[in-house]
Amino acid sequence: MPPRPVHEPRRDDCPWCGSKRLRTRLRAPDLRHRRPGTFVVDECRDCAHAFQNPRLTAEGLQLYGSEGDQRAGHGQLRATARAMLPFPEPESWLDVGTGDAPFPAAARELFAYTAFDGVDPTPRVERARAAGRLEEAHVGHLTAPEVLSRVRGRYDVVSMLHHLEHTREPRKELTAALTALRPGGHLLLELPDPSSASAAVLGKWWHSHDQPRHLHLIPLANLRTELRAQGCEIVVTDRKAAHIPHDLATAASLYLDRSRLRRTAGPLTALAAALDHLLAPALRRTRFSNTYRIIARKN
């Protein structure tokens with residue numbers, strides 16, 4: 001019996017706006033795990049949405065995924081949680097794509113009386129609950145009916161940090177997140193910014209291109225429009241504070257690991273990381289900022 005394909009058929013239109021005016025933004029192998037294959041990211045000439053094309057099947061995502069993927073460091077996660085301090089203290093908070101729950105663990109330092117729950121498709125979420133980082137653990141996808149029925153209308157805050165780019169249907173994920181919110185609740189989003197100058201300069205070595213795990217790169221303007229269409233009020237938009245200083249270090253690590261300079265990868269990557277942090281205060285104020293944050297209120 002022949003093996004099942006890992007790619008869906010290639011599409012000729014944009015999954016966000018339907019335009020057929022596409023261009024190839026990127027071709028890249030799996031730089032991080034060196035699994036076989038070359039992956040294509042197309043970009044819509046009309047709305048600038050970038051997406052993997054052809055997209056991996058569900059089986060392909062399992063094959064190329066990595067359970068060990070981590071979010072930003074503890075300090076960065078704590079800074080993200082701090083963005084919610086100007087709003088009423090939440091009684092309940094759901095973190096989507098939580099993994100081992102590093103974000104709820106960091107946010108709890110600022111919101112000691114908030115109950116944190118998590119959703120993740122892997123058993124990591126149950127281990128996080130057993131470790132005391134979560135009150136409730138929901139294994140599966142938020143869009144799954146059996147999960148959504150358990151979380152409907154229960155939360156004051158729902159967070160999706162670097163989650164939407166991994167999902168097959170980001171619009172459905174947003175709808176599910178808003179379903180989990182109470183009226184007046186807040187949706188906290190952080191995503192890689194496809195318009196970042198770092199993406200153009202570093203190309204396939206840019207951290208957030210990360211093929212084949214990132215299926216969508218959603219422009220800020222597109223996400224704002226979609227949230228308004230789903231009945232939200234945008235209360236915060238921020239490119240500065242959300243910037244993560246890791247672009248040079250990641251690019252150096254990926255490149256050196258595949259070159260004759262592999263033995264020098266450690267010290268050179270450390271030097272690039274130091275440069276990332278040294279330049280961060282300036283870069284976060286420019287087009288080199290690599291991440292954006294949105295806080296939206298459900299009306």
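Placed above this text is the structure.
A brief look at the structure comes next. (Residues numbered from 1 in each chain as written. Predicted model: local features only at pLDDT ≥ 70, side-chain atom pairs only at ≥ 80, totals over all residues. Heavy atoms only, no water.)

### Here's the deal with the overall build of the protein chain
Looking only at helices and strands, one finds 10 helices and 11 strands in the protein chain. The globule rule puts the C-alpha radius of gyration for 299 residues at 19 Å, and the 19 Å found for the protein chain is close to it. Dimensions of the protein chain, computed from C-alpha atoms along their principal axes, come out at roughly 55 × 45 × 40 Å. Taking all 299 residues of the protein chain together, the buried fraction comes to 49%. The contacts in the protein chain between residues at least 6 apart in sequence include a share of 71% that link residues at least 24 apart. A gap of 5 Å separates the mean positions of the 44 positive and 34 negative side-chain charges of the protein chain. (Helix = DSSP H or I, 4+ residues; strand = E, 2+ residues; numbered from the N terminus. Rg over C-alpha atoms; globule rule 2.2 N^0.38 Å. Buried < 20%, exposed > 50% of the residue type's maximum accessible area, 1.4 Å probe, protein only. Contact = heavy atoms within 4.5 Å. Lys, Arg positive; Asp, Glu negative; His and termini not counted. Charge placed at Lys NZ, Arg CZ, Asp CG, Glu CD.)

### What about the sheet that holds strand β2 (residues 38-44)?
Pairing within the open sheet is antiparallel, and its four strands lie in the order β1-β2-β3-β9. Each of the sheet's edge strands pairs with one partner strand only, and the pair in question is β1 (22-29) and β9 (216-217). As paired elements, strand β3 (residues 50-52) and β9 share two bridges and run antiparallel to each other. Within β9, the residue paired with Ala50 across the bridge is Leu217. (Pairing = 2+ DSSP bridges.)

### Description of the pattern of salt bridges
Scanning all chains against the criterion turns up 23 salt bridges. Among the ionic pairs, Arg11 bridges to Asp13, the shortest N-O distance being 3.0 Å. A single salt-bridge network, built from bridges that share partners, covers Glu8, Arg55, Arg168 and Glu169. (Salt bridge = Lys/Arg side-chain N within 4 Å of Asp/Glu carboxyl O.)

### Focus: the packing of aromatic side chains
Inspection of the entire model under this criterion finds five aromatic pairs. Where Trp93 meets Phe111, the ring centres are 5.4 Å apart and the plane angle is 65°; that geometry is what we call edge-to-face. Within this pair, whereas Trp93 is found in strand β4 (residues 92-96), its partner Phe111 is found in the loop between α3 (102-107) and β5 (115-120), the two being separated by 18 residues in sequence. A relative accessible area of 3% places Phe111 in the buried class. Ring centres 5.5 Å apart and planes at 85° place the aromatic pair Trp205 and Tyr255 in the edge-to-face group. Here Tyr255 lies in helix α9 (residues 247-257) and Trp205 lies in the loop between α7 (197-202) and β9, a separation of 50 residues in the sequence. A network of ring pairs unites the aromatic residues Trp93, Phe103, Phe111 and Phe116 as a single cluster. (Phe/Tyr/Trp six-rings, centres within 6.5 Å; stacked < 30°, edge-to-face > 60°.)

### Focus: the pairing of strand β11 (residues 291-298)
Each regular strand shows side chains that alternate between the opposite faces of the sheet. The buried count for β11 comes to seven of eight residues, which makes it a mostly enclosed element. Two elements, strand β8 (residues 181-192) and β11, share seven bridges in a ladder whose sense is antiparallel. Its bridge partner lying in β11, Leu191 is registered against Tyr292.

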